Structure formats: structure tokens, C-alpha cells
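A closer look at the structure
Here are the chains, one letter per residue:
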Amino acid sequence: MKRIRFAVCFLLIAAAACVFEQCYISDFCNNMDKKADKAIEYFEAKNEKGFKKSIKEIEKYWDKKNDLLFSVSGHVLLDELSIKIHALKGKQEAIYDVKAIVNAIYENCMIKPSNIL
């Protein structure tokens, strides 16, 4: 009976961890995507002041979220995202790469049959 209780508790904890991970990554990707869209709007409108403000928001949000992201997701895309975010100051066109990488992270981390099989 103790083994069954342990197994049930373990499954509940594992399910809770999976739900947390999915919610965290989804929230991160949605917020980062919105911030990147805003920065792209400023970039395409040639609004330098607004673009710089958006970059600072993106960097601040990344610094706030990256530690937990690295513990719940693969590192390859997150490393590339970090590089592109830090490259935004010198190469403004990197904002398109940031948006693409965020979308790739979302697609790779969501639970779907294609990601499981």
C-alpha cells in the first residue's frame, strides 16, 4: 500500500511540474513575443527612442526570467536567444531573430504529439 501511495504522489508531483513548466514557458513566450512586436513596430517606424526603450524592456524581462527558463527548457535555443538579445544594441535587425527564436522555443516546448514522438 505504501508503494501505491508513493507512486500516486510521484505522479501528481510530476504532473504538477509539467503543468508549471508549460504555463511558465507559454507565459514567457507570449510576453516576449509582444515585446518583440512592439520593438519591431518602433524599428520599422524608425523611432529610435521607442526602440531603445523596448530593447531595455526585453533585456530586463530576459534577465528576470532566464534562470528558471534554463532549468525547465533546452539550452541551445535559449543560449541563442540570449546572444541575440544582447546583440540588439549594436545590430537592431536582430529583433527579427529574437522573435523567430522565441517562436521556435514555444513550438519546441509545447506538448504535442509531434514533439513526443
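Look up a bit, the structure's there.
Everything quoted here is computed from the prediction, not taken from an experiment.

Observations regarding the packing of aromatic side chains
As enumerated under the stated definition, the model contains 7 aromatic pairs in all. Aromatic side chains Phe28 and Trp62 sit 6.1 Å apart centroid to centroid with 55 degrees between the ring planes, which places their arrangement in the tilted category. On the criterion of sequence distance, the pair formed by Phe28 in helix α1 (residues 2–44) and Trp62 in helix α2 (residues 48–72) is long-range, its members being 34 residues apart. When sorted by exposure, Phe28 lands in the same class as Trp62, which is buried. An aromatic cluster is present here, built from Phe28, Tyr61, Trp62 and Phe70 joined pairwise through their rings. The ring of Tyr61 carries the charged tip of Lys35 above its face, separated from the ring centre by 5.2 Å.

So, the pattern of salt bridges
Counted by the stated rule, this structure contains 5 salt bridges. For Lys38, the salt bridge is made with Glu57, and the minimal N-O distance between the two is 3.8 Å. Taken together, the residues span a long stretch of sequence, with Lys38 in helix α1 and Glu57 in helix α2 at a distance of 19 residues. With relative accessibility at 34%, the residue Lys38 sits in the partly exposed group. Salt bridges linked by common partners bring Asp33, Asp37 and Lys99 together as one network.

Some thoughts on the packing of α2 against helix α3 (residues 75–87)
One way to put it is that α2 packs onto α3 with a least axis distance of 11 Å and a crossing angle of 160 degrees. With respect to each other, α2 and α3 are oriented roughly antiparallel. Of the two possible hands of crossing, α2 and α3 adopt the one that is left-handed. In this structure, α2 uses Ile58, Glu59, Trp62, Leu69 and Phe70 to contact α3, whose residues at the interface are His75, Leu78, Asp79, Leu81, Ser82, Ile85 and His86. Among the residues making up the contact of α2 with α3, the classes are represented as 7 nonpolar, 3 polar and 2 charged.

Criteria and thresholds
Residues numbered from 1 in each chain as written. Predicted model: local features only at pLDDT ≥ 70, side-chain atom pairs only at ≥ 80, totals over all residues. Heavy atoms only, no water. Phe/Tyr/Trp six-rings, centres within 6.5 Å; stacked < 30°, edge-to-face > 60°. Helix = DSSP H or I, 4+ residues; strand = E, 2+ residues; numbered from the N terminus. Buried < 20%, exposed > 50% of the residue type's maximum accessible area, 1.4 Å probe, protein only. Lys NZ or Arg CZ within 6 Å of the ring centre and 35° of its normal. Salt bridge = Lys/Arg side-chain N within 4 Å of Asp/Glu carboxyl O. Axes fitted to C-alpha atoms, helices over the stretch in contact; angles between N-to-C directions. Parallel < 35°, antiparallel > 145°, perpendicular 65-115°, else oblique. Left-handed = near helix turned anticlockwise from the far one by under 90°. Contact = heavy atoms within 4.5 Å. Nonpolar A, V, L, I, M, F, W, Y, C, P; charged D, E, K, R; others polar.

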